[in-house]
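Each chain, written out:
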Amino acid sequence: QVQLVESGGGSVQAGGSLRLTCAASGSTRNINDMDWYRQAPGKQRDLVASISRGGSTNYADFVKGRFTVSRDNAKNIVYLQMNSLEPEVTAVYYCHANYRFNAIGYWGQGTQVTVSS
């Protein structure tokens, strides 16, 4: 079992920055890749960024170099630094852990990011 708690969301104006944090607890040694997803109202949940236990990263095309995902394995925390924010990225952002013994993995409760123009 793994528990994920996101924090750091909020409301900012266009051009601003936010840093999301996802803290994992429980059987964290069995976590492999960790992901950030987003879901806007009425839309599907989309992958934003992924990071492996070794630090390899992948990003969705819309990120365009504005977001950076990082990971502290010792503290079991994953970060998503978001810069140059635009209203189009407004959504609930979810942390997801890919778990060694569970094909579905684990999800956090989500944190709202709202960017106003």
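Further up the page is the structure itself.
One structure accompanies this document, and this report is about it. (Residues numbered from 1 in each chain as written. Predicted model: local features only at pLDDT ≥ 70, side-chain atom pairs only at ≥ 80, totals over all residues. Heavy atoms only, no water.)

## Considerations on the overall build of the protein chain
Okay, step 1: Counting its secondary structure elements, the protein chain contains zero helices and eleven strands.
Okay, step 2: For a compact globule of 117 residues, the expected C-alpha radius of gyration is about 13 Å, and the protein chain comes in at 14 Å, within 12% of that figure.
Okay, step 3: Dimensions of the protein chain along its principal axes, counting C-alpha atoms only, are 40 × 25 × 20 Å.
Okay, step 4: Burial statistics for the protein chain: of 117 residues in total, 42% are counted as buried.
Okay, step 5: When contacts within the protein chain are restricted to residue pairs at least 6 apart in sequence, long-range pairs at least 24 apart make up 54% of them. (Helix = DSSP H or I, 4+ residues; strand = E, 2+ residues; numbered from the N terminus. Rg over C-alpha atoms; globule rule 2.2 N^0.38 Å. Buried < 20%, exposed > 50% of the residue type's maximum accessible area, 1.4 Å probe, protein only. Contact = heavy atoms within 4.5 Å.)

## Structural notes on the nonpolar core
Okay, step 1: Core analysis: the largest hydrophobic core is formed by 30 residues, its most contacted members being Leu 4, Met 34, Trp 36, Phe 67, Leu 80, Met 82 and Tyr 93.
Okay, step 2: Elements supplying a minimum of two residues to this core: β1 (2-7), β3 (18-26), β4 (31-39), β5 (46-51), β7 (67-72), β8 (77-82), β9 (91-99) and β11 (111-116).
Okay, step 3: For this core, the element with the most residues is β9, which contributes five residues.
Okay, step 4: Once residues within four sequence positions are removed from consideration, Leu 80 is found in contact with Leu 18, Arg 19, Leu 20, Trp 36, Val 48, Ala 49, Phe 67, Thr 68, Val 69 and Tyr 93. (Core = buried A, V, L, I, M, F, W, Y, C linked by side-chain atoms within 4.5 Å.)

## Concerning the pairing of strand β10 (residues 102-107)
Okay, step 1: The pairing of β9 with β10 spans three bridges and is antiparallel. Counted as the bridge partner of His 96 is Trp 107 from β10.
Okay, step 2: Linking two consecutive strands that pair antiparallel, namely β9 and β10, is a turn of two residues. (Pairing = 2+ DSSP bridges.)

## What about the sheet that holds β1?
Okay, step 1: An order of β1-β3-β8-β7 is seen for the four strands of this open sheet, with the pairing classed as antiparallel. With partners counted over all chains shown, the strands left at the sheet margins are β1 and β7, one partner each. The mean angle between the axes of side-by-side strands here comes to 15 degrees, regardless of whether they run parallel or antiparallel.
Okay, step 2: Here six bridges tie β7 to β8, and the two strands are oriented antiparallel to one another. Looking at the pairing, Asp 72 lines up with Ile 77 of β8. (Axes fitted to C-alpha atoms, helices over the stretch in contact; angles between N-to-C directions.)

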